[in-house]
Amino acid sequence: MKKILHIKRQLNSNSESYYENFVYESDNENATVATALLTTPVIWEHSCLQKKCGACAMVINGKPALACNTRLADMDCEIINIEPLRKFPVIQDLRVDRQALMDKLKELKVWLESDSINGNENISYEASRCLECGLCLEVCPNYYMDGKFGGMAAMTPLARIIDKSSKDQHKELKKNYKKGVYNSCGKSLACRDICPAKIDIDKLLVKSNAAAIWNRWNKE
Amino acid sequence: MAVYVNILGAGLAGMTAARTLAKNNIHVRLFSVQVSQRAQSNLAEGGLNAALNMMGEDDDINQHYEDTMKGGCYIANPDMVKGLCEGAPSIVDEMKRIGVPWHMENGHIIQRPFGGQKKRRTCFCMSSTGKILTTASIDDTRKYEDSGLIERYTHHKFAGILVNNNKCIGIKIYDNHEGTYNNYSGPVIICSGGMNGMFPGRTTGTTSNTGSVTAMLFNSGVKLSNLEFIQYHPTTVRITDKRMLISEAARGEGGRLCYLDDDKKVSFMEDKFGERGNLMPRDVVSKEIALINKTTYLDMTGLNSDIWNNRLSDLRQEIIDYLHKDPAYELIEVAPGIHYFMGGIKVDINHETNIEGLYAAGECAAAYHGANRLGGNSLLGAIYGGKTAAKSIIKSLDRFDYINDLNELSDDLNGNIFLTDDEKAKDIMLTDILSKTMGILRDETSLNLGLCELENIETNNASFEFKSRLNLAKAITECAISRRESRGAHNRTDYPESNDSYKKPTTVSLVNNEIIIE
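Small disclaimer: the values here were computed from a predicted structure and weren't measured.

Before going further, it helps to spend a moment on the overall build of chain A. A tally of helices and strands in chain A yields eight helices and seven strands. With the C-alpha coordinates of chain A rotated into their principal frame, the extents come out at 60 × 35 × 30 Å. Counting over 220 residues, chain A shows a buried share of 50%. Sequence-distant contacts in chain A: of pairs separated by 6 or more residues, those separated by 24 or more amount to 70%.

Here it is, written out as structure tokens:
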């Protein structure tokens, strides 16, 4: 197998971007974009290399994906176009600054103010699986950085807090959920198909809407 | 000026230390190369041990202690292990209070059996326990970030410690985005994880845990301990860029190891060790696999649908995704792979190193696991260790010196600090030698050969990081040479028995560029 990686590079956040080609040859049919990138001097974030950490989110042949979860053999074309995520500022090459995701979670007060109630263990487990990789925001027609909408990357962790929070936190959660998720979500649900952790977004949305919008909180 | 504690690493140990300090109104700087969602803590799978006795088996803290000491072949510090086991039940409760959805049935936490433990003691969240605990910890940490007590410095990298008269007075940090160095005053807790990067592509860990922090600390006079004890987890599989873990939970829930003899399954662990053979400690299982020297399989075809659906659905999906095989119906070929480093930075019961004011917790520290770690004790050790280090600092805050402007301070860390592009090829050579030398089965001849090859690597004009990595590689090898016995994860074919004169930890230090083993 021979692939040409056509990579958008950038020396730093202020410089002009340019494309550079790298040839990757291997007979390993399970080689991923991450495998190929590891052989180049290109700067990119990586950590677990098994889709459990969300570090290596990027745009591969126009589609947002994790590099470690994209098999080269699954792509028919010889030339593979690799670009950084478009919704976040580029730091260098494929490395972007996703701090906005973390800032949004702080703004929406995604934490438990007091001890967790028992809640629904399945909801809580499902919501805890979010990688905060940002792929859902990349495909979301309603998300832009520094806007009010936090996208699914905010809805998912909020779902856990909504499920586990006691009554004294409900008023503020309701306000934040409305502001950060409910009011701006256009329900395209593009996030559902792109999520590398395959989080059951429908289930979380239904449960969180019921609680924070229709006031059907967990009773305890 | 406000007192600040500097924590390097934002996985479970680092976040726990940070929150423990923040709860006591102490300001924390939390440095990490990537956000906590990328930390290796997220990869831990099977669970967390605590003697809660939820399964009606008369479990207690003393039995947890006994199993941990025995699993570690009696070289861990007994007082530290006692503290760990005593602290475990309240950690399960604290995690529950920050919202961890432990697996429960009828309102009670369920505990699963795990290797080397006589009782069902491992609390879990499917086979993603590390991820679920880390998520809850991230959310709880955010509360203190909002109040200003915890300041996160993400994309910041370790560049050295600042030491004055054998006292740690601060930390030197490189900002990956800005390309600048800064010195920060105050005591330091290192929570930088295991030394995976000394064996790149051959471990179940992350690429972020390069081992360089431990290496650079060693070069700066920090003592290390037990480097010869490297855990080979018996059930890992090769995926393209690394080894992937198949959690011990697979065997805890009924999976069996076998090899094939004319298509007939031979359950070699049960044949040799009886009914609980599959759940012997990891060192024992990996050694058996190495000794039988046959293709080994994990047989999970006997697990019922309740277990697959409610306890291991994530594990099953992962195997299908990466190996294109369904473990409910097919045997999975497995082999031992590097999974955990029992050795690392030498710490005392307070998690302080030989340098006053410098602490270490989590996998980077040699603390609780002796010669072999039990499954379910690493998440516990990370959380308990982070808490203990923080509490020790709280107790002795007036001991530390705070210097207003450390950037004025001259230090010897101003040369070429990090690996250069030219050195990366040499680093591959170094890690190749180390990987070949530090296999499951070792002997003096091959260890000496490895050391000799490492000594031939040129270090003229080398960066601080490269020199340090080379010294760490040599130290690991020398620790293995010096232990002329077999114990836990250290198997010497030339000394196959354990020897009581070695029933103690190994300590290694660098003095005048010479490796000294105690």
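The next point concerns the overall build of chain B. Scanning chain B from N- to C-terminus turns up 14 helices and 26 strands. A compact globule built from 518 residues should have a C-alpha radius of gyration of about 24 Å, and chain B, at 22 Å, falls within 12% of that. By principal-axis analysis of the C-alpha atoms, chain B measures approximately 70 × 55 × 45 Å. Here chain B holds 518 residues, and 57% of them are scored as buried. Excluding contacts between residues fewer than 6 apart, the proportion of contacts in chain B whose partners are at least 24 apart in sequence is 74%.

If you trace the backbone, glutamate 132 of chain A turns up in the loop between helix 3 (121-128) and helix 4 (135-139). Residues contacting glutamate 132 of chain A, with those up to four places away along its chain left out, are Gly54, Leu101 and Ala153 of chain A together with Gln37 of chain B.

A low pLDDT score tells you not to read the predicted coordinates there in detail. Per-residue pLDDT for chain B averages 95, and the proportion of residues at 70 or more is 97%. What the predictor reports for the complex is a pTM of 0.97 with an ipTM of 0.97.

Another point: the nonpolar core. Counting residues in each nonpolar core, the largest one holds 211 residues, and the members touching the most others are Leu158 of chain A together with Ile7, Ala17, Ile189, Ile190 and Ile345 of chain B. Here this core gets nine residues from one element, more than from any other, and that element is helix 14 (residues 464-482) of chain B. Filtering out sequence-adjacent residues up to four positions away, isoleucine 190 of chain B remains in contact with Leu8, Gly9, Val213, Leu217, Ile345, Tyr359, Ala360 and Cys364 of chain B.

Right, let's talk about unusual backbone geometry for a bit. It is generally the case that most residues other than glycine have a negative phi and that most peptide bonds are trans. Residue and element names in this part refer to chain B. With a phi close to 60°, tyrosine 74 is a non-glycine residue in the positive phi region. Along the chain, tyrosine 74 turns up in the loop between helix 2 (61-71) and helix 3 (78-97). Exposure remark for tyrosine 74: the 16 C-beta atoms within 10 Å place this residue in the partly exposed category.

With that out of the way, let us pick up the interface of chain A and chain B. Contact residues are listed per partner, giving 39 residues for chain A and 35 residues for chain B. Sorting the residues of the side of chain A that touches chain B by element identifies helix 1 (33-37), helix 2 (99-107), helix 3 and helix 5 (152-164) of chain A as the ones contributing at least two each. Partitioned by chemical class, the residues of the side of chain A that touches chain B number 18 nonpolar, 11 polar and 10 charged.

Residues and elements named next belong to chain B. One open sheet holds the three strands; their spatial order is 3-7-6, and the pairing between them is antiparallel. Each of the sheet's edge strands pairs with one partner strand only, and the pair in question is strand 3 (48-49) and strand 6 (111-112). Bridging between strand 3 and strand 7 (residues 122-123) involves two bridges; their strand directions are antiparallel. Bridge pairing links leucine 48 to cysteine 123 in strand 7.

What follows is about the domain arrangement of chain B. Residue and element names in this part refer to chain B. Split by domain assignment, chain B resolves into domain 1 (233-337) and domain 2 (414-517). Across the contact, five residues belong to domain 1 and five residues belong to domain 2. Broken down by element, the side of domain 1 that touches domain 2 gets its largest block of residues, four residues, from helix 8 (residues 282-292). Taken together, the residues of the side of domain 1 that touches domain 2 break down into two nonpolar, one polar and two charged.

As a further point, take helix 4 (residues 129-147) of chain B. With 19 residues, helix 4 of chain B extends 28 Å between its outermost C-alpha atoms, agreeing within 8% with the 27 Å of an ideal straight helix rising 1.5 Å per residue. Of the residues trailing helix 4 of chain B, glycine 148 of chain B is marked for its positive phi of about 90°.

Let's shift gears to the pairing of strand 19 (residues 332-341) of chain B. Residue and element names in this part refer to chain B. By the criterion of burial, strand 19 is predominantly enclosed, with eight of the 10 residues buried. The pairing of strand 14 (residues 230-239) with strand 19 spans five bridges and is antiparallel. Each bridged residue has a counterpart across the sheet, and for histidine 233 the counterpart in strand 19 is glycine 337.

All names here are of chain B. In spatial order, the strands read 22-20-13-25-26; together these five strands make up an open sheet with mixed pairing. Strands with a single pairing partner mark the edges of an open sheet, and in this sheet they are strand 22 (365-366) and strand 26 (514-517). When strand 25 (residues 507-511) meets strand 26, the two strands line up antiparallel, connected through four bridges. Note that in strand 26 the partner of serine 509 across the bridge is isoleucine 516. Along the sheet, helix 14 makes contact with strand 13 (224-225), strand 25 and strand 26, crossing strand 26 at roughly 35°.

All names here are of chain A. On the secondary structure map, proline 89 appears in the loop between strand 5 (79-83) and strand 6 (90-92). Judged by C-beta crowding, with 14 C-beta atoms within 10 Å, proline 89 ranks as partly exposed. Once the C-alpha coordinates of proline 89 and methionine 145 are considered, the two residues, 56 residues apart in sequence, prove to be 9.4 Å apart. Among residues more than four places away in sequence, those in contact with proline 89 are Ser13, Val96 and Asp97.

Our focus in this paragraph is helix 3 of chain B. Owing to its 3.6 residues per turn, the α-helix brings residues three or four apart onto one side. Residue and element names in this part refer to chain B. Under the 1.5 Å per step criterion, the end-to-end length of helix 3 is 29 Å for 20 residues, consistent within 8% with the ideal 28 Å. Along its length, helix 3 reaches its greatest deviation from straightness, about 40°, at alanine 88, and the proline proline 89 lies no more than four positions downstream. Listed in full, the buried residues belonging to helix 3 are Met80, Val81, Leu84, Cys85, Ala88, Ile91, Val92 and Met95. Where helix 3 is buried, its residues touch strand 3, helix 2, strand 5 (108-109), strand 7, helix 4 and helix 11 (377-395). Positive phi shows up at glycine 99, right after helix 3, with a value of about 100°.

A few words now on the domain arrangement of chain A. Interface size is commonly expressed as the accessible area that is lost once the parts come together. All names here are of chain A. Domain boundaries in chain A define domain 1 (2-96) and domain 2 (99-213). Just the C-alpha atoms count here: the centres of domain 1 and domain 2 sit 28 Å apart. Listed per partner, the contact involves 12 residues of domain 1 and 14 residues of domain 2. The dominant element in the side of domain 1 that touches domain 2, judged by the number of residues it contributes, is strand 4 (residues 63-66), at three residues. Taken together, the residues that form the side of domain 1 that touches domain 2 break down as seven nonpolar, two polar and three charged.

Further remarks concern the pairing of strand 16 (residues 256-261) of chain B. Residues and elements named next belong to chain B. Taken together, the three bridges between strand 16 and strand 18 (residues 296-299) define a ladder with antiparallel strand orientation. For leucine 257, the partnering residue across the bridge sits in strand 18 and is leucine 298. In terms of strand pairing, strand 16 meets strand 17 (residues 264-266) through three bridges, oriented antiparallel. Bridge assignment links aspartate 261 to a residue of strand 17, and that residue is lysine 264.

All names here are of chain A. Where helix 3 contacts helix 5, the two axes come as close as 8 Å, and the packing angle between them is 155°. Between helix 3 and helix 5, the angle falls in the class roughly antiparallel. The way helix 3 lies across helix 5 gives a crossing that is left-handed. On helix 5, the residues touching Ile123, Ser124, Ala127 and Ser128 of helix 3 are Thr156, Pro157, Ala159, Arg160, Asp163 and Lys164. Residue composition of the contact of helix 3 with helix 5, grouped by class: four nonpolar, three polar and three charged.

The rules behind these values
Residues numbered from 1 in each chain as written. Chains lettered and ligands numbered in written order. Predicted model: local features only at pLDDT ≥ 70, side-chain atom pairs only at ≥ 80, totals over all residues. Helix = DSSP H or I, 4+ residues; strand = E, 2+ residues; numbered from the N terminus. Buried ≥ 20, exposed ≤ 12 C-beta atoms within 10 Å, placed from the backbone. Contact = placed C-beta atoms within 7 Å. Rg over C-alpha atoms; globule rule 2.2 N^0.38 Å. pLDDT = per-residue confidence, 0-100. Core = buried A, V, L, I, M, F, W, Y, C linked by C-beta atoms within 7 Å. Nonpolar A, V, L, I, M, F, W, Y, C, P; charged D, E, K, R; others polar. Pairing = 2+ DSSP bridges. Domains from an automatic or database assignment. Expected span 1.5 Å × (residues − 1). Axes fitted to C-alpha atoms, helices over the stretch in contact; angles between N-to-C directions. Bend = angle between axes of the 7 residues up to and from the residue. Parallel < 35°, antiparallel > 145°, perpendicular 65-115°, else oblique. Left-handed = near helix turned anticlockwise from the far one by under 90°.

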